[in-house]
Every structure is written in C-alpha cells, then in structure tokens.
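# Commentary on secondary and tertiary structure
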Amino acid sequence: MCRIQSSNLALALVVVSATSMVACRLVETGAGSDSAVRVGGNPSNFTFTEIVPDIYHAQGVGDIVAMSNAGIVINDEDVLIVDSHVSPAAADVLLEDLKTVTNKPVRFVVNTHWHMDHSHGNQVYPSEVEIIGHEASRAAMVTGRSNSGRAYETFIGSVPGRIAAMEGALDTIGDPELRTRLEETIKADRLFFAQTQEVVPTPPNTTLSERMSLFRSGREIRILFFGRGHTEGDVIVHLPDDGVIITGDLLPEGLPYMGDGYVPEWIETLEHVKALDFEWIIPGHGAPYQDREKIDHLQAYLRDVWTQTVSFHGSGTDPEKTAVGIDLTAHAEHFKGAIDPPGGIGLAVLRIFELLDGTAN
Ligand SMILES: [Zn+2]
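Sequence order as written defines the numbering, with residues in each chain counted from 1. Per-residue local features are limited, in this predicted model, to residues with pLDDT of at least 70; the limit for side-chain atom pairs, both in listing and counting, is 80 or more; totals at the level of whole chains, interfaces and linings are taken over all residues.

## Notes on helix α10 (residues 345-357)
Heads up, the rule is: Put simply, DSSP H or I for four residues or longer makes a helix, DSSP E for two residues or longer makes a strand, and each gets a number counted from the N terminus. Helix span, as expected, comes to 1.5 Å for every residue beyond the first. Buried means a residue has 20 or more other C-beta atoms within 10 Å of its own C-beta, exposed means 12 or fewer, and partly exposed covers the counts in between; C-beta atoms are placed from the backbone. Residue pairs are scored as contacts if the distance between their C-beta atoms, which are placed from the backbone, is within 7 Å.
A rise of 1.5 Å per residue sets the reference length of α10, with its 13 residues, at 18 Å; its end C-alpha atoms lie 18 Å apart and thus fit the reference within 8%. Residues Ile-345, Leu-347, Ala-348, Val-349, Leu-350, Arg-351 and Ile-352 constitute the buried set of α10. Those residues of α10 that are buried lie in contact with α4 (149-157), α7 (263-274), α8 (293-314) and α9 (319-325). Within two residues after α10, Gly-358 carries a phi angle of roughly 75°, on the positive side.

## Concerning the packing of α8 against α10
The following threshold applies: A fitted line through C-alpha atoms serves as each axis, taken over the contacting stretch for helices, and the angle formed by two N-to-C directions is quoted from 0 to 180°. Crossing handedness: left-handed means the near helix sits turned counterclockwise from the far one by under a right angle, and right-handed means the same turn made clockwise. In this classification, Asp, Glu, Lys and Arg are treated as charged, Ala, Val, Leu, Ile, Met, Phe, Trp, Tyr, Cys and Pro as nonpolar, and every other residue, Gly included, as polar.
Following both chains from N to C, one finds α8 and α10 inclined at 65°, their axes separated by 10 Å at the closest point. Crossing angle aside, the handedness with which α8 passes α10 is right-handed. Here Val-305, Trp-306, Thr-309, Val-310 and His-313 of α8 lie close against α10, whose contacting residues are Ala-348, Val-349, Ile-352, Phe-353 and Leu-356. Partitioning the contact of α8 with α10 into residue classes produces 8 nonpolar, 2 polar and no charged.

## Examining the sheet that holds strand β14 (residues 244-246)
Formally: Being paired, for any two strands, means DSSP has found at least two bridges between them.
Strand order in the open sheet formed by 5 strands is β11-β12-β13-β14-β15, with mixed pairing between adjacent strands. Of all the strands in the sheet, the pair left with one neighbour each is β11 (211-216) and β15 (280-282). Neighbour-to-neighbour, the strand axes of this sheet turn through a mean angle of 20°, independent of strand direction. Judged from the 3 bridges that link them, strand β13 (residues 236-239) and β14 form a sheet pairing that is antiparallel.

## Brief notes about the sheet that holds strand β4 (residues 46-52)
Two orientations exist for strands paired in a sheet by backbone hydrogen bonds: parallel and antiparallel. Spatially, β4-β5-β6-β7-β8-β9-β10 is the arrangement adopted by the 7 strands of the open sheet, whose pairing is mixed. Edge positions in the open sheet fall to β4 and β10 (206-208), since each of these has one partner strand only. Ignoring strand direction, the axes of neighbouring strands in this sheet form an average angle of 25°. Along the sheet face, helix α3 (residues 135-142) touches β9 (130-134) and β10 and points at about 100° away from the line of β9.

## Topic: unusual backbone geometry
Peptide bonds are mostly trans, and most non-glycine residues show a negative phi. Positive phi, close to 75°, is recorded for Asp-83, a residue that is not glycine. For Asp-83, a count of 30 C-beta atoms within 10 Å gives the class buried. Of note, the phi angle at Ser-217 is positive, near 40°, even though the residue is not glycine.

## As for the environment of Gly-157
Within the secondary structure, Gly-157 is located in helix α4. On a C-alpha basis, the gap between Gly-157 and Phe-193 in space is 8.8 Å, while along the polypeptide they are 36 residues apart.

## Observations concerning the confidence of the model for the protein
What counts, and what does not: What pLDDT reports is the predictor's confidence in each residue, on a scale of 0 through 100.
Scored by pLDDT, the protein has a mean of 88; 88% of the residues are at 70 or more. Below pLDDT 50 for its whole length, residues 1-42 participates in 85 contacts with residues either more than four positions away or in separate chains.

## Some points on the pairing of strand β5 (residues 55-60)
Buried residues dominate β5, accounting for 6 of its 6 residues. With burial as the criterion, each face of β5 is covered, one bearing Ile-55, His-57 and Gln-59 and the other bearing Tyr-56, Ala-58 and Gly-60. With 6 bridges connecting them, β4 and β5 associate as antiparallel partners. In the strand pairing of β5, Phe-46 is matched with Gly-60. Bridge count for β5 against strand β6 (residues 70-74) is 4 bridges, and the pairing is antiparallel.

Structure representation (structure tokens):
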C-alpha cells in the first residue's frame, strides 16, 4: 500500500495499489502536525487567537500553506513573531493578515529551529528586523540543511512525486465529487510547491548559545536553549510575566517529527521546560493548551520509541523490520496515530539507528 498524504492537510489521499486494481479514497485526517487547510477557499488565511492579553496564536486556515503556527507578541512599541512559516508567500500573508490585529511594526522574529516550516519565510523581513535563533540553527541554514536533507525531502521534495501519483490516479476515479476534490488538491499542491521554490534560506542575524532576554516596555521576553532535542538548536520563548511558553517542535500539541532528533537528550531537555513557570503552551503545530501532563506523555513516548528501537538495533534487526516491529499502541490514549508521527515512524527509527551507529549529523 502506498500512502500519499498531502503534507499536513485536512484532506489526504490514500492510494491503494493491488495487481488488478487502483482504488482511491479521500479521507479526512482531522488533527495532524499542522492544520493548514488548503482547499475550500477560506477568505482568511490565518486565525489569531488571543491566549492572554497581547499574546496570540496564529494558525493557517486558508488557501496558503503555512505548515507551522506562529506566536505573536505585541509590545507597546513593536511586535515579535515566533517562526516564519514555510515560504515567503506564507510569511507575506501572515503579515498582511496581522494588520487586522495590530499596526505596530514587526521588529523581532524568533526561529525556534532551522526546519523549513519554521524559517523559510525569513526573507520577507527587512534587514532591520532582528531574526533570532540558536547558533546551531544559523549554522544549519548557512550550510543549506533547511533546504535539503531528511525533513526537506520528506515534506517538500516529495511533493512533485505526489502530484504525479495523484494525476495518474485521476483516470481511475469515476465519482465526480472525488475527482473534483482530487483536482483541487493537485492544484493546491502545485501552488504550494511553486511557493517553496521562491525560498532563499535566510539564517538568523542574531544568535544565542544558551539564553537571551529582550525587554520591551516592561515585558521580558526570554529566549532559552536547554539542550538538543527535536534538532540541535531548539529554542523556546518564555514570557514569564504573561505565563506563556512558545515551544516550536520541541513540544508540539501532538507527536513531533523525529527524523532529525536527539531522542535521549530531548527527554532531558523537556525536563528543563517543565521546570519553567507558565500557564499556557503555544506549540509549533496544533492548538495551544494548558495541560502540563502532555509533556510527560511526550517524554514517555520518546522514551518508549528509544528503548524499543535500541533493543531491535542490539539484536541486529534492520531499520525496516524495526519500524514494523515496535509497538507504540500504549500511547494511543494520548496521541492520535501513536505509531505514525509526522514523516512516519520509519524516519524516527532511521534517526535512532544513526544516533546509535554514530552517523547522525
Ligand atoms: Zn521541526
């Protein structure tokens, strides 16, 4: 079975191939790592939810694919945006839609990490805007990793092949409604891929190694690095006066992509996050939440993926068989699709094998 999923969309296409049959069905996936809905012509592209006064969660809901959330911090004199989405087009639309919330100038952008869906809108910001990120995130972008490698190939590089597969499947669909939906998805994917081709990776122009603070009219904005996790350079934004943390993919609402992660260190890094004083978590994907137990659940999941994979690795099992063999159903209570994190469990297993073999970059 070949599963073709429009990256992080509400609409996904599943193609089932058999020797004598190709059947397509369209399924609603509901919550995923991202919630941008590209099909449907929503006149607004982002929703802005005020979590506490002047702190917003921005989520893509319209025709533009943002892939990640943004956190918006409105100060007396200016605005700080956390993460810049997957393309200059998406970042431009965010800035346009932001005018419905504030006319203050954006002076700071924080990249929680170097993955393309959090940093590939950087180029729309003028040079006087401080783009802040961990020094490892800058190094990753300078050396081209945001525009290549596992995450990029999984979520962007795969798009042309997916479009071709969907175009091929069109001929097999008789149902006019399904045909229309598939044609809309193909059109949206083409537009999305074209937008990603406009990217000029633009690294942070201000870096930190452990922590820094901005002081804006009485509000402290802390940018903190506690160790490696989802990548080698994840920072979180802590607003101690507002009781909010903005966490990128170190701590999403659901399961994170694990293909570039440092799993044992990630568990430890989350321990530091838990020690912070906050009421609200604005994650890099998914909805804001207050339930701190979700952090424990993610740690338990990471620990289990690690332990089981180490065991298979130790017994000489190859990554493919390991991905099939590990049992994560115990986590289904807390994570929809517990065995299928973004990018697939196979990439998580490959990554852990690299960590164990000393070949991880
Ligand atoms: Zn990421």
